[in-house]
Amino acid sequence: MFKRLVVLTALAVSSAAVAHADSISGFFSATGTDSFTSSTISFTPGSAVVAGAVGGTFATYLTDGNPITFLSGSLPYSQGANTPPGGIPIQLFSTTEAGETFAFDITGYNANFVNNGSLGCTTGSTCLIVTGNGFFTGTGVVTYTNTPATFLFTSQYVPGQAVGTVTSFSSSASAVPPAIPEPASLALFGTGLVGLVGIARRKLMA
């Protein structure tokens, strides 16, 4: 019993130390074409690519111009807070390069259809601004743990351009891995477990 407790203690400490070692971190941007109305967004197949800044884990694999596959069909939305259709996460996009596939799943999003010159949308234009939360997965060369992430999507029809026609969009996504326990916290955690082992040992010897 005592030996088993010592082994479990060692495993607990080592597990805490390596937690989130394979989480995704970093960010990248994308551009492409889409069409939107006051209630749906549709992405033009084959139009989206990595464009602009790439950092963190993504920079190990992704390069400027790499294709991005967005979901097919239309993504419905209403003004304000939204959940994915069916209330379960859906894959918004994926991209593959250098043997690694990153996919982003939406868990919730906030949409703003703007045609009154507010929120940075120029007067006379019609804009769609979507922000939200989800998680990244990474499979291939490395299998990463699912990592919480955020995204931003903006698209605009300029004055005179009909809503619902094809226009361009820009987007960005950032992976935000959970915080790794600080060394001091791990030491305190380990000290507490060692104390439990001592108590158990004294009881066994009593």
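Everything numeric here is computed off the predicted structure, so don't read it as measured data. (Residues numbered from 1 in each chain as written. Predicted model: local features only at pLDDT ≥ 70, side-chain atom pairs only at ≥ 80, totals over all residues. Heavy atoms only, no water.)

Q: When you look at the side chain of Ser155 in this model, what are you seeing that I'm missing?
A: With respect to the secondary-structure elements, Ser155 resides in strand β10 (residues 144-157). Given the relative accessible area of 4%, Ser155 is considered buried. Looking at Ser155, its side chain comes within polar contact range of the main-chain oxygen of Ser168, at 3.1 Å. Not counting chain neighbours up to four residues away, the residues in contact with Ser155 comprise Asp34, Phe36, Thr126, Cys127, Leu128, Thr167, Ser168 and Phe169. (Helix = DSSP H or I, 4+ residues; strand = E, 2+ residues; numbered from the N terminus. Buried < 20%, exposed > 50% of the residue type's maximum accessible area, 1.4 Å probe, protein only. Polar contact = N/O pair within 3.5 Å; in protein donor to acceptor, adjacent residues only side chain to side chain. Contact = heavy atoms within 4.5 Å.)

Q: What am I meant to see in the side chain of Asp105 here?
A: Locating Asp105 in the fold gives a position in strand β8 (residues 100-114). What Asp105 contacts, discounting residues up to four positions off in sequence, is Pro89, Ile90, Gln91, Leu92, Asn133, Gly134 and Phe135.

Q: How do you make sense of the state of the cysteines when you look at a structure like this?
A: Working definition: the covalent bond between the sulfur atoms of two cysteines is a disulfide. Scanning the model with the defined rule gives one disulfide in all. Two residues share a disulfide in this structure: Cys121 and Cys127, whose sulfurs sit 2.0 Å from each other. The sign of the S-S torsion, about 80°, decides the handedness of the disulfide formed by Cys121 and Cys127: right-handed. (Disulfide = S-S within 2.5 Å.)

Q: What is the right way to read unusual backbone geometry from this model?
A: Peptide bonds are, in most cases, trans, and in most cases residues other than glycine have a negative phi. Positive phi, close to 55°, is recorded for Ala98, a residue that is not glycine. Under the relative-accessibility criterion, Ala98 is labelled exposed at 52%. One non-glycine residue, Leu119, lies in the positive phi region at around 55°. Relative to the elements of secondary structure, Leu119 occurs in the loop between β8 and β9 (126-140). Judged by its relative accessible area of 56%, Leu119 is exposed.

Q: Is there a simple way to explain the environment of Leu71 in this structure?
A: Tracing the backbone through its elements, the reader meets Leu71 in the loop between β4 (69-70) and β5 (74-76). Separated by 28 residues in sequence, Leu71 and Phe43 place their C-alpha atoms 7.2 Å apart. Other than its neighbours up to four places away in sequence, Leu71 contacts Phe43, Ile90, Gln91 and Leu92.

Q: Mind showing me how you'd approach the confidence of the model for the chain here?
A: A low pLDDT means the predicted coordinates there should not be read in detail. Per-residue pLDDT for the chain has a mean of 84; in total, 77% of the residues score no lower than 70. Long-range and interchain partners of residues 1-20, a stretch whose pLDDT sits below 50, account for 22 contacts in this model, where long-range means more than four residues apart. Residue range residues 188-201 is modelled with pLDDT below 50. Its contacts to residues more than four positions away, or to other chains, number 14 contacts. (pLDDT = per-residue confidence, 0-100.)

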